[in-house]
Amino acid sequence: MTDMQTSAVPVIAIDGPSASGKGTVAQRVAKALGYHYLDSGAIYRIAALAALRRGISWQDEAALAKLAQELDICFLDDEIYLDGEIITEAVRTEEISRGASEVAVHPALRRALLNLQQSFRKAPGLVADGRDMATVVFPDAQTKIFLTASAEVRAERRYKQLIEKGIHANLAEILQDLQTRDARDSQRAVAPLQKSESARLLETSDLSIDQAVEAILDYSRADAGK
Ligand SMILES: Nc1ncnc2c1ncn2[C@@H]1O[C@H](COP(=O)(O)OP(=O)(O)OP(=O)(O)O)[C@@H](O)[C@H]1O
Ligand SMILES: Nc1ccn([C@H]2C[C@H](O)[C@@H](COP(=O)(O)O)O2)c(=O)n1
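Definitions and cut-offs
- Residues numbered from 1 in each chain as written.
- Chains lettered and ligands numbered in written order.
- Predicted model: local features only at pLDDT ≥ 70, side-chain atom pairs only at ≥ 80, totals over all residues.
- Heavy atoms only, no water.
- Helix = DSSP H or I, 4+ residues; strand = E, 2+ residues; numbered from the N terminus.
- Buried < 20%, exposed > 50% of the residue type's maximum accessible area, 1.4 Å probe, protein only.
- Near = heavy atom within 4 Å.
- Polar contact = N/O pair within 3.5 Å; in protein donor to acceptor, adjacent residues only side chain to side chain.
- Areas by Shrake-Rupley, 256 points an atom, 1.4 Å probe, with all protein chains shown as cover.
- Nonpolar A, V, L, I, M, F, W, Y, C, P; charged D, E, K, R; others polar.
- Expected span 1.5 Å × (residues − 1).
- Arc of directions from axis to C-beta.
- Pairing = 2+ DSSP bridges.
- Axes fitted to C-alpha atoms, helices over the stretch in contact; angles between N-to-C directions.
- Contact = heavy atoms within 4.5 Å.
- Salt bridge = Lys/Arg side-chain N within 4 Å of Asp/Glu carboxyl O.

### Describing unusual backbone geometry
Trans is the prevailing form of peptide bonds, just as negative phi is the prevailing case for residues other than glycine.
Here's step 1: With an omega dihedral of 5°, the bond running from A123 to P124 counts as a cis peptide bond.
Here's step 2: Looking at the element boundaries, P124 is found in the loop between α6 (107–118) and β6 (126–130).
Here's step 3: For A19, which is not glycine, the phi dihedral falls at a positive 60°.
Here's step 4: A residue is classified by how much of its surface remains accessible, and A19, at 12% relative accessible area, is buried.

Right, here's the structure in full:
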């Protein structure tokens, strides 16, 4: 596809803080529309995991950027592969959540991961979730959503999610980790988590998953008719 053809492919960009429901809602919107889906956070998680395995410090910007160029990543049938190995669960640990947020502060790493994220833009459309989808990766997205909920509601959602998976969890610790990660993601110098001026704010503290999905589908229909 030429660059012009690619930029005609509609993108729904969904940004927001940790555990706001971006992934859950974005995947359902993608399924409803028959669009592709990009979990950009997973890419930062993979970079953090690969660095840990190769003994590269999460503070070593140059080595991380070099590593990013060499990553052999594949997303297939709900699984994530790194160098041919399934790492879907390995990137979801609390250690890797923190690592992803730490490696993501480095501009050189972010630049190295930009083309990979943009390559997910394919017909008939893409739903992309992360922190800088609307501001940096797809600034021309047709629909931009800033999805959020109070920190307390988000911590409870994450707590419930972990307990349902049979993982021991402590609500106070989850709230603390989530606030630390949000602060790092929002305060970094490059591509911080922030609402794009042209994004719609969707506060989901009092919304169900279905209601959030419906709201985004309504917005995307309205934007498609513009
Ligand atoms: N509107 C909602 N109402 C209730 N629960 C929700 C809602 N949206 C998402 N959830 C639940 O909250 C949990 C966290 O959602 P999810 O993992 O999609 O968040 P996320 O923003 O992608 O998180 P992270 O950025 O940490 O990857 C999931 O268990 C999900 O089912
Ligand atoms: N577009 C993105 C996506 C993610 N990150 C960083 C910051 C997050 O704390 C971390 C993990 O993301 P999650 O899987 O929780 O969505 O990755 C980013 O900087 N930019």
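### Description of the site of ligand 1
Here's step 1: Neighbouring ligand 1 are 17 residues, the closest being G21, K22, G23, T24 and L207.
Here's step 2: A distance of 3.0 Å is found between an oxygen atom of ligand 1 and a backbone nitrogen or oxygen belonging to G21.
Here's step 3: Within the contact set of ligand 1, an oxygen atom lies 2.5 Å away from a side-chain nitrogen or oxygen of T24.
Here's step 4: Protein chains bury 81% of the 640 Å² of accessible surface belonging to ligand 1 in isolation.
Here's step 5: Among the secondary structure elements, those contributing two or more residues to the shell around ligand 1 are α2 (22–33) and α8 (151–164).
Here's step 6: Taken together, the residues of the shell around ligand 1 break down into four nonpolar, seven polar and six charged.

### Quick look at helix α9 (residues 171–187)
Structural remark: α-helix, 3.6 residues per turn; residues separated by three or four positions point the same way.
Here's step 1: Given a rise of 1.5 Å per residue, 17 residues ought to cover 24 Å, and the 24 Å separating the end C-alpha atoms of α9 matches this to within 8%.
Here's step 2: Taken together, the buried positions of α9 are occupied by I174, L178, R181, D182 and D185. Buried residues in α9, looked at end-on, bunch into an arc of 105°, giving them a common side. Away from the buried face of α9 by more than 90 degrees, exposed residues A172, E173 and Q187 are located.

### Section: the sheet that holds β6
Here's step 1: Strand order in this open sheet of five strands is β2-β6-β1-β7-β8, and the pairing throughout is parallel. Each edge of the open sheet carries a strand with a single partner, namely β2 (36–39) and β8 (200–203). For this sheet the average axis-to-axis angle between neighbouring strands, irrespective of direction, equals 20°.
Here's step 2: Bridge count for strand β7 (residues 143–148) against β8 is four bridges, and the pairing is parallel. Pairing of I145 across the sheet is with R200, part of β8.
Here's step 3: Relative to the sheet, α2 contacts β1 (11–15), β2, β6 and β7, its axis offset from that of β6 by approximately 180°.

### Description of the pattern of salt bridges
Note on pairing: side chains with opposite charge can pair once their charged atoms come close.
Here's step 1: Taken as a whole and judged by the stated rule, the model has 16 salt bridges.
Here's step 2: The salt bridge partner of D210 is R28, with a shortest N-O separation of 3.5 Å. Taken as a pair, D210 in helix α10 (residues 209–224) and R28 in helix α2 lie far apart in primary sequence, 182 residues in all.
Here's step 3: Notably, a salt bridge pairs D39 with R92, separated by 3.0 Å at the nearest N-O pair. You can see D39 sitting in strand β2 and its partner R92 sitting in the loop between β5 (85–86) and α5 (94–103), a full 53 residues away along the chain.
Here's step 4: On the basis of relative accessible area, R92 is assigned to the partly exposed category, the value being 35%.

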